[in-house]
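Read off the chains here:
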Amino acid sequence: MGRIDSLALMRVLSVVGNRPQFVKSAPLSEALRTTGIDEVVLHTGQHYDPELSQVFFDELELALPKYTLETGSASHARQTALMLPGVEDAILAEQPDVVLVYGDTNSTLAGGLAAAKLHVPVAHVEAGLRSFDRRMPEEVNRVLVDALSSALFAPSDVAVANLRREGIVEGVRQVGDVMADASRRIAPLARERSTALADAGVEPGGYVVLTLHRDSNTTPDALRSVAAGLAARAEPTLFPTHPRTRAALEAGGIELPAHVRVMPPLGYLDFAALASQARVIATDSGGLQKEAYWYGVPCVTLRDTSEWVETLEAGWNVLVGTDSAAIAAALADPPRAAERPELYGDGHAAERIVEHLGTMGRR
Ligand code: UD1
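Just so we're clear, the structure is a prediction, and the values are computed from it rather than from any experiment. Every chain is numbered independently, its residues counted from 1 as its sequence is written. Under the rules for a predicted model, residues below a pLDDT of 70 receive no local features and side-chain atom pairs below 80 are neither given nor counted, while totals for whole chains, interfaces and linings still include all residues. Water and hydrogen atoms play no part in the side-chain values, which are based on all heavy atoms of the structure.

## Here's the deal with unusual backbone geometry
Part 1 of the argument: A positive phi angle, near 60°, is found at H119, a position not held by glycine.
Part 2 of the argument: Even without glycine at this site, E126 takes up a positive phi of about 85°.
Part 3 of the argument: Strands here mean DSSP runs of E at least two residues long; helices mean DSSP runs of H or I at least four residues long; both are numbered from the N terminus. Considering the arrangement of structural elements, one finds E126 in the loop between β5 (122-125) and α6 (137-148).
Part 4 of the argument: Accessibility here uses a 1.4 Å probe with only protein chains present; expressed as a share of the type maximum, an area under 20% marks a residue as buried, one over 50% as exposed, and anything in between as partly exposed. A relative accessible area of 9% means that E126 is categorised as buried.

This is the structure we're talking about:
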């Protein structure tokens, strides 16, 4: 049978559930469609608020999920467990050749675990990343999903080396980063179309973009310390706020400096427009550290570790944790190296992934 015929018969079940995964799946869905591989999408329901979920489907023109679970929010173990029966049912109904999972969230683990239990090969996009901090739920998810995966699509040489150190060599491919694909395609459009800067009354290079949502950063102490760090410099600071962070600010009675503007979470286009034209980005997100690099915007990372060590080594990112003095110093003098070599691929990761998925064939 020719390759095209076997591709046309292939079926992939993509498991997505939260914001960054919708973005990562966009270039892959397109590449799968182009190649004629049948993609069925399952949404775990981890993110359910329209501004964290539906807006991405609308803007990125993603195919609607065939399966949407009603998982909702819960503690990490419980949330993962709640997803498993629905993912298992979908795998049994669809009989996919491969289950595709993205990144390091509880949805990633649920997808990988259910597939592996049913002996369906798991393909992990963004394999091999490590913060070496197992207190992060994401680190636990990464390590476990990599151990379960048959195809491991690593975004960088460092990720490949991390896997090798854990004895994982087979099925590993350095393909670049699908977020680079999305970012290259969409950021220029976003700057053209979005009115987010005008709406916020800011000029390119004249403001900070802030995001904060990690477990460890939404405690009252961490939030107070970040607020103190931001107070040192009265510059417009746009803060699209994750619902859990907003709730934590309210519950802790924590006041932010007046120049910090709490806003609702934004869609991909408005966010890309704002982030790509900021003077500096302050964040605890993983993906945003890379996006900042691709945009040529210095990044101040509100964590003690990073999986995206290349951005630190390149001199465009700095780790400050939640220490007020370190935050203030980094915002006053953000890291900006003379050069910005290409990191995490050339924007064609999705095509490479799909090409390899094609060789996995029908079981
Ligand atoms: C999850 C991922 C994180 C990723 C982030 C992207 C895990 C362990 N964490 O974190 O790696 O960076 O998504 O945004 O999977 N909530 C809402 N509405 C929603 C979803 C959540 O209000 O639609 C609130 C709830 O209070 C919930 C809290 O946010 O308890 C945390 O949500 P959850 O999905 O558990 O984790 P995230 O912080 O979003």
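Picking up where we left off.
## Quick look at the pattern of salt bridges
Part 1 of the argument: Think of a salt bridge as a Lys or Arg side-chain nitrogen and an Asp or Glu carboxyl oxygen that are within 4 Å of each other. In this structure the tally under the stated criterion is 21 salt bridges.
Part 2 of the argument: Across the salt bridge formed by E94 and K66, the nearest N and O atoms sit 2.8 Å from each other. With E94 in helix α4 (residues 76-94) and K66 in the loop between α3 (54-59) and β3 (67-68), this residue pair connects regions lying 28 residues apart in the sequence.
Part 3 of the argument: Residue classification places E94 among the buried residues on the basis of a relative accessible area of 6%.
Part 4 of the argument: With a shortest N-O distance of 3.1 Å, D133 and R135 are connected by a salt bridge.
Part 5 of the argument: Here D133 falls in the buried class, since its relative accessible area comes to 15%.
Part 6 of the argument: Within this structure, D104, E139, R142, R303 and E307 form a network of salt bridges that share partners.

## Concerning the pairing of strand β9 (residues 237-240)
Part 1 of the argument: Of the two faces of β9, the one carrying T237 and F239 and the one carrying L238 and P240 are both buried.
Part 2 of the argument: Pairing between strands is defined by DSSP: at least two bridges between the two strands are required. Pairing between strand β8 (residues 208-211) and β9: 2 bridges, direction parallel. Within β9, the residue paired with V208 across the bridge is T237.
Part 3 of the argument: Once the chain exits β8 it traverses helix α10 (residues 220-231) before rejoining the sheet at β9, and the crossover so formed is right-handed.
Part 4 of the argument: Taken together, the 4 bridges between β9 and strand β10 (residues 260-263) define a ladder with parallel strand orientation. Orienting the strands away from the viewer, one traces the path from the first strand over the helix to the second; a clockwise path indicates a right-handed crossover.

## Here's the deal with the site of the ligand
Part 1 of the argument: Summary of the distance rule: residues count as near a molecule or strand when at least one heavy atom falls within 4 Å of that molecule or strand. By nearness alone, 21 residues border the ligand, and H47, Y48, D49, E138 and H242 come closest of all.
Part 2 of the argument: Two N or O atoms form a polar contact when they lie within 3.5 Å of each other; inside protein one atom must be a possible hydrogen donor and the other a possible acceptor, and for residues adjacent in sequence the pair counts only when both atoms belong to side chains. At 3.0 Å, a side-chain N or O of H213 approaches an oxygen atom of the ligand.
Part 3 of the argument: Protein chains shield 87% of the accessible area of the ligand, which is 750 Å² for the free molecule.
Part 4 of the argument: Of all the secondary structure elements, the ones that give two or more residues to the shell around the ligand are α2 (19-35), α4, α6 and α11 (243-251). Surface accessibility in these figures is a Shrake-Rupley result with a 1.4 Å probe; residues are shielded only by whichever protein chains are displayed.

## Concerning the sheet that holds strand β6 (residues 151-154)
Part 1 of the argument: The strand order across the open sheet formed by 7 strands is β3-β2-β1-β4-β5-β6-β7, and the pairing between neighbours is parallel. In this open sheet, the two edge strands, each paired with only one partner strand, are β3 and β7 (172-174).
Part 2 of the argument: Contacts between α2 and the sheet are confined to β1 (11-16), β2 (38-43), β4 (98-102) and β5, with β4 contributing the most and set at about 140° to the helix. Working rule for contacts: check all heavy atoms of both residues, and any pair within 4.5 Å makes them a contact. Interaxial angle, 0 to 180 degrees, is taken between N-to-C directions of lines fitted to C-alpha atoms, where a helix line uses only the stretch in contact.

## Regarding helix α15 (residues 324-332)
Part 1 of the argument: Of all the residues in α15, the buried ones are I327, A330 and L331. Viewed end-on, α15 has its buried residues packed into an arc of 100°, placing them on one side of the element.
Part 2 of the argument: Looking at the buried residues of α15, the elements they touch are β8, α10, β11 (280-283), β12 (299-301) and β13 (317-319). Here the arc refers to the set of directions running from the helix axis out to each C-beta atom.

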